[in-house]
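Listed here are the chains, written in short residue letters.
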Amino acid sequence: METIYYIILIMNAILVVVNKRSKILATASYIYTIILFAGSTLNNDYHGYLEPYIERDFSEFEIGYRIVANVFAQNNIHYHIFLLFIAIVCYTLIFYLFIKTVDNVHIFFALYYPILVFYDINQIRNFIMATLMTFAIVKLLENRRAVFLLCLFIAASFQSLALAYIPLVFINDRRFQNKKVIISIVLFSFAFSLIVFFNNKQIPFLYEICTELFGKNSEKLMYFESKDINFGFLITYIMQMINILLVVVSYRNLKKCDVSINVQQFAKKILIINVYGFITFPFLMIDLTFYRLFRNFSFINYILFGLTIDNYYLRKHEHSLRPIRKTGEDLDNGTLYARERVGWKRKKCISFLIYIVLLIIFCMVWKYGIIYKYRGPLQSEYILNNNIFYDWLSNKY
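Remember, it's a predicted structure, so these values are computed and weren't measured experimentally. Starting afresh in each chain, residues are numbered from 1 along the sequence in its written order. Residue-level local features of this predicted model are given only where pLDDT is at least 70; pairs of side-chain atoms are given and counted only at 80 or more, and the full residue set underlies all totals for whole chains, interfaces and linings. Working from all heavy atoms in the structure, the side-chain values ignore hydrogens and water.

1. Brief notes about the overall build of the protein
Here is the rule: Only DSSP runs of H or I reaching four residues or more are called helices, and only runs of E reaching two or more are called strands; each is numbered from the N terminus. For every residue, the accessible area obtained with a 1.4 Å probe (protein chains only) is divided by the maximum for its type, and the residue is called buried under 20%, exposed over 50%, and partly exposed between those limits. Any two residues having at least one pair of non-hydrogen atoms within 4.5 Å are treated as being in contact. Throughout, the Shrake-Rupley method with a 1.4 Å probe supplies accessible areas, and for residues the shown protein chains are the sole cover considered.
Along its length, the protein carries 20 helices and zero strands. Every one of the 397 residues in the protein was classed for burial, and the buried ones make up 51%. Pairs at least 24 residues apart make up 78% of the contacts formed inside the protein by residues separated by at least 6 positions. A total accessible area of about 19900 Å² is found for the protein, and carbon and sulfur atoms account for 64% of it.

Put into structure tokens, the structure is as follows:
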């Protein structure tokens, strides 16, 4: 199982760099991801989901998850078949969004496999919510606010964190896209973070307000209690900053090139969405779990990174060549055009390599950031070496 994982990861990464496509590899990666998700028998949250399913007691979960899980549990359907259903629905939706938007879908697996896949397998409800939220954001970027809100409320029925994304409904408003507003959000987040830091990492009145909202016995209150996390919050700050850096670089690359206005607007709005993630900074001093708010932008960011990778290749973007003026002599031998073309390709190649390096740094920062956040044994070791479907196939063949 582990060998297959590394083969798929490396092959997808290679195809991204050389700009090749393989339907066989894409399909195999899609199927393998589903098997990895649905077959995991050992991870941090495995028993936290398995035991309520066996006991048919979902009272601790949101209503959406309760309904879906109850349908399967009441009909005595095996827990891993239930996971298989979730994996097929969610990964099919994600894959559909990529195929619809990005030319080279291998970028998804190249970015998703190094770390995030293992924590989506752990945090099932958050994964469902992130999938629905990504679909909702795509619809919002198409200016379909009603669909966005509907999808968001459905997502909230699986993980209540989805409600924190409601303010994004105003993203198509020009006032929300104003640079001053964006800068204000960032400055306010940093200023409020300083207040929290010097207030012994406590947000005034937050715990009291949450107690009124959730009740004194709610498990949600543990996220709002001040904890001794030292300077661990700086790790999550760095994760968000590398997010923003890569999104800004992607936006500028697309803006420089001769891409459609729709693509440029798409990139700009994704940048604004990521800026919204800065609101977590004060809360990260209390509990690092709040990093999920911007972690859940990963799928939509992968789409942006895929669009940027697509734009680097001449095969699909001949129109990106800047126009040049040719003399009569140049028309005869084409030397100036050839020289400009070679120069353009050289600059493009260097820019592309820098972008690939940034993607690698991005993956490394997120990998070590998430490992630091959860500590303990690597989830990848648990998940890759404990899979019910792989064990079944091994025994059969």
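2. Remarks on a positive patch on the surface
Selection criterion: Patch definition: residues with relative accessible area over 30% and no salt bridge; like charges joined within 9 Å; nonpolar side chains (Val, Leu, Ile, Met, Phe, Trp, Tyr) joined within 5 Å. Think of a salt bridge as a Lys or Arg side-chain nitrogen and an Asp or Glu carboxyl oxygen that are within 4 Å of each other. Neither His nor the chain ends contribute to the count of charged residues, in which Lys and Arg are positive and Asp and Glu negative. One atom stands in for each charge, and that atom is NZ of Lys, CZ of Arg, CG of Asp or CD of Glu.
A cluster of basic side chains, namely Lys 179, Arg 252, Lys 255 and Lys 256, defines a positive patch on the protein surface. No other element matches helix α12 (residues 233-256), which puts three residues into the positive patch. Along the chain, Arg 252 turns up in helix α12. For Arg 252, a relative accessible area of 56% corresponds to the exposed category.

3. Some words on unusual backbone geometry
Residue Asn 19 is not a glycine yet carries a positive backbone phi of 60 degrees. Within the secondary structure, Asn 19 is located in the loop between α1 (2-18) and α2 (23-39).

4. Examining the pattern of salt bridges
Per the stated rule, a full pass over the model turns up six salt bridges. Two residues, Arg 144 and Glu 142, come together in a salt bridge whose shortest N-O distance is 3.9 Å. Connected through shared salt-bridge partners, Lys 100, Lys 139, Glu 142 and Arg 144 make up one network.

5. Here's the deal with the packing of aromatic side chains
Put simply, the rule is: Side-chain rings of Phe, Tyr and Trp, where Trp is taken by its six-membered ring, are said to pair if the distance between their centres is within 6.5 Å; with planes under 30 degrees apart they count as stacked, over 60 as edge-to-face, and otherwise as tilted.
Evaluation of the coordinates by the stated rule reveals 44 aromatic pairs. Measuring from centroid to centroid gives 6.5 Å for Tyr 291 and Trp 366, while their planes differ by 45 degrees, and the two rings are tilted. Of this pair, Tyr 291 sits in the loop between α14 (281-284) and α15 (292-295) while Trp 366 sits in helix α18 (residues 335-374), and the two are 75 residues apart along the sequence. Classification of Tyr 291 by relative accessible area gives buried; the value is 1%.

6. Observations regarding the packing of α12 against helix α13 (residues 261-276)
Describing two packed helices takes the angle between their axes plus the distance from one axis to the other. Our working rule: In this description, a line fitted to the C-alpha atoms serves as the axis of each element, helices being fitted only across the stretch in contact, and the angle between N-to-C directions of two axes falls anywhere from 0 to 180 degrees. Any angle between 65 and 115 degrees counts as roughly perpendicular, while under 35 counts as roughly parallel, over 145 as roughly antiparallel, and the rest as oblique. Each crossing is labelled by how the near helix is turned from the far one, with a counterclockwise turn of less than a right angle marking it left-handed and a clockwise turn marking it right-handed. All residues other than Ala, Val, Leu, Ile, Met, Phe, Trp, Tyr, Cys, Pro, Asp, Glu, Lys and Arg, Gly among them, are scored as polar; the first ten of these are nonpolar and the last four charged.
Between α12 and α13, the least distance of the axes is 9 Å, while the angle of their chain directions is 165 degrees. One way to sum up the angle between α12 and α13 is to call them roughly antiparallel. Every pair of crossing elements has a handedness; the one defined by α12 and α13 is left-handed. Residues Gln 240, Asn 243, Ile 244, Val 247, Val 248, Tyr 251, Leu 254 and Lys 255 of α12 form the contact with α13, whose own contacting residues are Val 263, Gln 264, Ala 267, Lys 268, Ile 270, Leu 271, Asn 274 and Val 275. For the contact of α12 with α13, a count of residues per class yields ten nonpolar, four polar and two charged.

7. Side note on helix α4 (residues 63-74)
Think of an α-helix as 3.6 residues a turn; residues three or four steps apart then line up on the same face. Quick note on the threshold: Helix span, expected: 1.5 Å multiplied by one less than the number of residues in the helix. It is the directions from the helix axis to the C-beta atoms whose arc is reported.
An ideal rise of 1.5 Å per residue puts 16 Å on twelve residues; α4 measures up with 16 Å between its terminal C-alpha atoms. Listing the buried residues of α4 in full gives Gly 64, Tyr 65, Ala 69, Phe 72 and Ala 73. Down the axis of α4, the sector holding all buried residues measures 150 degrees, keeping them to one side. For α4, the elements touching its buried residues are α3 (46-55), α5 (79-101) and α8 (124-141). Just downstream of α4, Asn 76 is the residue with a positive phi angle, here 55 degrees.

8. Some words on the nonpolar core
The test is simple: Joining through side-chain atoms within 4.5 Å is the link that ties buried Ala, Val, Leu, Ile, Met, Phe, Trp, Tyr and Cys residues into a set, and such a set is a nonpolar core.
Residues Tyr 91, Tyr 112, Phe 297 and Tyr 302 are the most contacted members of the largest nonpolar core, which totals 125 residues. Tallying contributions element by element places α8 first for this core, with 13 residues. Residue contacts for Tyr 112: discarding those within four places in its chain leaves Thr 33, Tyr 91, Val 117, Asp 120, Phe 127, Phe 299 and Tyr 302.

9. Points about α3
Taken residue by residue, α3 has Tyr 46, Tyr 49, Leu 50, Pro 52 and Tyr 53 as its buried positions. The inward-facing, buried residues of α3 abut α4, α5, α7 (116-122) and α8. Just downstream of α3, Arg 56 is the residue with a positive phi angle, here 60 degrees.

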